[in-house]
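# Residue-level structural notes
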Amino acid sequence: MKRKFGLLLIALFCSVATFGQQTTDLRINELLIKNDSNMVDEYGRHVPWVEIFNTAYNSVNIAGCYLTDDTTGLWNGSGKTRWYRIPQTDPKTLMPQRTSLVFFLDNSPLYGTFHANFDPRNSKNHYVALINSNGRVLIDIMEYPDSLLNSTQTYGCYVDGVIEKDKDGKEISGRGFLEYFTPGSVNKVATGASKAEHLIESDPYGIGMALISISVVFVALILIYCMLKIFGAISRRAEQKAKETVAQTTQPTAATEASKPATEEAISGEVVAAIAVALNMDLDSYHDEESEIITIDMPSAHYSPWSQKHLVMKTVQRRNRR
Amino acid sequence: MLEFFKEGLIQFFNYSGFGNCSYGHLIMIVFGLIFIALGIIKEYEPLLLVPIGFGIILGNIPFTDGLQVGIYENGAVLNYLYFGVLKGVYPPLIFLGIGAMTDFSALISNPKLILIGAAAQFGIFAAYAIALLLGFSPTEAGAIGIIGGADGPTAIFISSKLAPSLMGAIAISAYSYMALVPVIQPPIMRLLTNPKERLIRMRPPRAVSQREKILFPLLCILLTAFLVPTGLPLLGMLFFGNLLKESGVTKRLATTASGTLIDIVTILIGLTVGCSTQATNFLKLDSILIFGLGALSFVIATASGVLFVKFFNLFLKEGNKINPLIGNAGVSAVPDSARVSYVEGMKYDKTNYLLMHAMGPNVAGVIGSAVAAGILLSFLY
């Protein structure tokens, strides 16, 4: 029973995690209502459009979700007529990571997957909402000012999918009138100079950057130096303490003291190195593992089809001579 | 029938390498052969020069476009292998292997040597400033400057981010100068030191405990990565590799990282970098300038290391002084530049073993160049 309950919990957790990675990552990114000379649909018409952006770093399928400008009936999941359910049969609804999809809000759902069944130009509500496939969860809602109805500018996120909300989930900032029309592409258009171009303006000869950089390299390595210094001191102190403890526990006798040839300090590094080399050379003359083995056993070769002559050579049929 | 036969032969000839050959291809193939000869006959960095040289030959076999065989053609096998260079995958893996091979004991026992590794990075930034003067863009200048770090993987990593179009020339230049360390550095070292300085004997390094060796990579990654997070791929892999080696409980991983893995990546990086030097992309004035700037940055880096030691010695007590012949080891060509210090030191005093001392600034140079690379990225990327 406990095991079943555990499995159920895991399944529940997985489903929540999966849900968390999917449609909840979608954002209403850009909206244009007064489309006089902007993007046209497949039929060459200028109609309002809305752009949905996938903020996740994985693919999200928007199929089954609802687009609407009237959220009435949201909490009981019973959608009204102005809810457009995105068809589940169109593979184009799968949104790769950090991409966007454009829906035409032209009240012409029979024109294709990306044509909603409402038109914001004849709506009393000034918002567009995206609702989850169960009809109960509001994924995102974008309210727009009245002036958008008569404006040729788009309204949406300054930076794709980025909206700041307060602790109650109320939107504080992140959306407004946008400078450029960017249906199906990023809202933040890079028009300014790059980082490197800015740098060359302020430091044309690279001397400033060279000085800053070499200083940073020095700071980084000085930090390591200080760390090693401190660490070395601590380590030496610990070593000293350990030696003292050992010396206290094993008091040397007069005989051992006399037989001791010299103190550790008296042996120079070169002598230690020479002793080490001599020991190494001496030990190298003894072999634990010989390169050749003398044995009375029959030598056996491991089987390999590559070494079998009868497998790799073609057998020539001999003609019987009479 | 004869006409058909003739047309077929002409068509075949046009598809063959002979039909598409140019002087550029032949010049590059000769370069490739020189690289291989240097690697095999002179034994200058054979592990790098032989794959690069063979790669140059492969990359300069002429062919008709669209056959999906060239390194720059989508779908070609070489193009898939080149992905690791373009996206900066191989250099961190090489750093993992370097970390697993490097013993930082010399540095831990004598921490002041780390500052030489910092001073030698001056070559990078001096070359950056000179490249700007010569009309290169800031990103290109940054990628060219990194040649002065004498670190092939770092040069490839930075150029793949900042100036992918110059990567072939930068990588070839960096690896060439790394191979020529024993030729380039000694004259500069002799020029900047006097006989008395060359005889300075340094104190033998103290024994370093295992605990210190284990804590070193952990503390270093925390310090350096917090300061320059852009250097994370290189520094992270370097210190991770070192932790694998020093922890004592991951011997199998350390053996793989420092053996099989680094060998595989070295083959792939050498071959594909060599292939990327197709005559049409490589034989340009920019490439010659890059080679010149690379040499200059290398000379500046070596000179800065030596001069810094001389300056540092002014503040050190007698008996604690550093032999300026190890200043050249501040560039991160491990262990070639340390070996040069040792060989030069032996020329003046047969009993003055500088190898262990030179390994300190040498490994500090690896850290320093990775930090410098991170700084270049944070400024320019």
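Residues numbered from 1 in each chain as written. Chains lettered and ligands numbered in written order. Predicted model: local features only at pLDDT ≥ 70, side-chain atom pairs only at ≥ 80, totals over all residues. Heavy atoms only, no water.

Further remarks concern the side chain of A:Asp90. Residue and element names in this part refer to chain A. Its location among the elements puts Asp90 in the loop between strand 5 (83-85) and strand 6 (94-95). At 2.9 Å, the side chain of Asp90 forms a polar contact with the backbone nitrogen of Lys92. A polar side-chain atom of Asp90 sits 2.5 Å from a polar atom in the side chain of Thr113. Ignoring anything within four residues of it in the chain, the contact list for Asp90 reads Thr113 and Phe114. (Helix = DSSP H or I, 4+ residues; strand = E, 2+ residues; numbered from the N terminus. Polar contact = N/O pair within 3.5 Å; in protein donor to acceptor, adjacent residues only side chain to side chain. Contact = heavy atoms within 4.5 Å.)

Note on sheets: strands pair through backbone hydrogen bonds, and any given pair is parallel or antiparallel. Residue and element names in this part refer to chain A. The sheet built from four strands is open, its strands ordered 5-4-8-9 with antiparallel pairing. Only two strands of the sheet have a single neighbouring strand rather than two, namely strand 5 and strand 9 (138-143). Strand-to-strand twist in this sheet, taken as the mean axis angle between neighbours without regard to direction, amounts to 15°. Pairing between strand 4 (residues 66-68) and strand 8 (residues 127-131): three bridges, direction antiparallel. Pairing of Tyr66 across the sheet is with Ile131, part of strand 8. (Pairing = 2+ DSSP bridges. Axes fitted to C-alpha atoms, helices over the stretch in contact; angles between N-to-C directions.)

Each partner contributes to the interface: chain A provides 31 residues, whereas chain B provides 44 residues. In this assembly, chain A and chain B are joined by zero salt bridges. Across the contact surface, chain A and chain B share one residue pair in polar contact (both at pLDDT 80 or more). Of all the secondary-structure elements, those providing two or more residues to the side of chain A that touches chain B are helix 2 (195-202) and helix 3 (207-249) of chain A. For the side of chain A that touches chain B, the leading source of residues is helix 3 of chain A, giving 22 residues. Of the residues contributing to the side of chain A that touches chain B, the split by class is 22 nonpolar, four polar and five charged. (Salt bridge = Lys/Arg side-chain N within 4 Å of Asp/Glu carboxyl O. Nonpolar A, V, L, I, M, F, W, Y, C, P; charged D, E, K, R; others polar.)

Turning next to the packing of aromatic side chains. Tallied over the entire structure, the rule returns 13 aromatic pairs over all chains. Over the aromatic face of B:Tyr348 sits the side chain of B:Arg198, whose NZ or CZ is 4.8 Å from the ring centroid. (Phe/Tyr/Trp six-rings, centres within 6.5 Å; stacked < 30°, edge-to-face > 60°. Lys NZ or Arg CZ within 6 Å of the ring centre and 35° of its normal.)

Moving on, we come to the sheet that holds strand 7 (residues 100-104) of chain A. All names here are of chain A. Across the sheet, which stays open at both edges, the five strands sit in the order 7-2-1-10-13 with antiparallel pairing between neighbours. The sheet is open, and its two borders are formed by strand 7 and strand 13 (175-178), each paired with just one other strand. Geometrically, the sheet is characterised by an average inter-axis angle of 25° between neighbouring strands, direction not taken into account. Here strand 1 (residues 26-32) pairs with strand 10 (residues 154-157) via two bridges, running antiparallel. Bridging across to strand 10, Glu30 finds its partner in Gly156.

Residues and elements named next belong to chain B. With respect to the helices, strands and loops of the structure, Ala163 is situated in the loop between helix 11 (152-162) and helix 12 (167-179). With a relative accessible area of 3%, Ala163 lands in the buried category. For the pair Ala163 and Glu140, spaced 23 residues apart in sequence, the C-alpha separation works out to 5.3 Å. (Buried < 20%, exposed > 50% of the residue type's maximum accessible area, 1.4 Å probe, protein only.)

With that settled, consider the pairing of strand 1 of chain A. Residue and element names in this part refer to chain A. Within strand 1, seven of the seven residues are buried, which leaves it mostly tucked inside the rest of the structure. With six bridges connecting them, strand 1 and strand 2 (residues 49-54) associate as antiparallel partners. Looking across to strand 2, one finds that Leu32 is bridged to Trp49.

In this section: the pairing of strand 10 of chain A. Where strand 10 of chain A meets strand 13 of chain A, four bridges bridge the pair, whose relative direction is antiparallel. Directly across from A:Gly156, in strand 13 of chain A, lies its bridge partner A:Gly176.

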